[in-house]
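Each chain, written out:
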Amino acid sequence: MFSWEREEEKKLAESSVDIAEDHITENAQQDEHLWLHIIERFHIVIGCGEYRTKDQCTSKFHEMIKTIKKIQRDIQQLVNSMKKGGNRSNYFRDDVWKF
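Residues numbered from 1 in each chain as written. Predicted model: local features only at pLDDT ≥ 70, side-chain atom pairs only at ≥ 80, totals over all residues. Heavy atoms only, no water.

1. Description of the packing of helix 1 (residues 6–21) against helix 3 (residues 54–83)
Logical step 1: Where helix 1 contacts helix 3, the axes come no closer than 11 Å and their chain directions differ by 90 degrees. When the axis of helix 1 is compared with that of helix 3, the two are roughly perpendicular. Between helix 1 and helix 3, the residues in contact are Glu9, Leu12, Ala13 and Ser16 and Cys57, Lys60, Phe61 and Met64, respectively. (Axes fitted to C-alpha atoms, helices over the stretch in contact; angles between N-to-C directions. Helix = DSSP H or I, 4+ residues; strand = E, 2+ residues; numbered from the N terminus. Parallel < 35°, antiparallel > 145°, perpendicular 65-115°, else oblique. Contact = heavy atoms within 4.5 Å.)

2. Comments concerning the nonpolar core
Logical step 1: Residues Trp4, Leu12, Ile19, Leu34, Trp35, Ile38, Ile39, Phe42, Ile46, Tyr51, Cys57 and Phe61 constitute the largest nonpolar core, which totals 12 residues.
Logical step 2: Looking at this core, the elements that each hand over two or more residues are helix 1, helix 2 (31–46) and helix 3.
Logical step 3: When sequence neighbours within four positions are dropped, the list of residues in contact with Cys57 reads Trp4, Leu12, Trp35, Ile39, Phe42 and Arg52. (Core = buried A, V, L, I, M, F, W, Y, C linked by side-chain atoms within 4.5 Å. Buried < 20%, exposed > 50% of the residue type's maximum accessible area, 1.4 Å probe, protein only.)

3. Quick look at the pattern of salt bridges
Logical step 1: Taken as a whole and assessed by the stated rule, the structure comprises eight salt bridges.
Logical step 2: Ionic pairing is found between Arg6 and Glu9, a salt bridge with its closest N-O pair at 3.7 Å. Separated by three residues within a single helix, Arg6 and Glu9 lie in helix 1, roughly one turn from each other.
Logical step 3: On the basis of relative accessibility, which here comes to 67%, the residue Arg6 falls in the exposed class.
Logical step 4: Classification of Glu9 by relative accessible area gives buried; the value is 17%. (Salt bridge = Lys/Arg side-chain N within 4 Å of Asp/Glu carboxyl O.)

4. What to know about the packing of aromatic side chains
Logical step 1: In the structure shown here, the tally under the stated rule is four aromatic pairs.
Logical step 2: With 5.8 Å between their ring centres and 40 degrees between their planes, Trp4 and Phe42 make a pair best called tilted. Here Trp4, found in the segment before helix 1, pairs with Phe42, found in helix 2; they are 38 residues apart in sequence, far enough to count as distant.
Logical step 3: Residue class for Phe42 comes out buried when judged on its relative accessible area of 0%.
Logical step 4: Ring plane angle 40 degrees and centroid distance 6.4 Å describe the contact between Phe42 and Tyr51, whose orientation is recorded as tilted. The same class applies to Phe42 and to Tyr51, which are both buried.
Logical step 5: In textbook terms, an aromatic cluster arises when at least three aromatic residues are bridged by ring pairs, as seen for Phe2, Trp4, Phe42 and Tyr51.
Logical step 6: Geometry around Trp4 places Arg52 over its ring, the cationic atom sitting 4.1 Å from the centre. (Phe/Tyr/Trp six-rings, centres within 6.5 Å; stacked < 30°, edge-to-face > 60°. Lys NZ or Arg CZ within 6 Å of the ring centre and 35° of its normal.)

Set out below in structure tokens:
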């Protein structure tokens with residue numbers, strides 16, 4: 001299939017949050033059922049019909065989670081560096097550009 005557009009990634013993330021925060025469905029659903037709801041919501045908000053499979057959506061979602069976790073680790077390293085007396089000017093000049 002074709003690569004994911006930024007808007008699709010955003011809508012997939014929003015759909016997963018919407019379903020996870022839904023007071024009726026919440027996180028009590030089994031994984032398979034939860035993903036069916038997420039994908040259904042994703043296709044509705046994208047408005048292009050059912051063109052992404054469950055495997056495509058779960059793979060993309062897990063890829064996005066990996067990226068988020070890497071960014072969180074990098075930010076924590078920067079915070080720890082500053083707590084140890086790191087130079088703030090170096091922080092802004094050198095480290096922020098990673099993001």
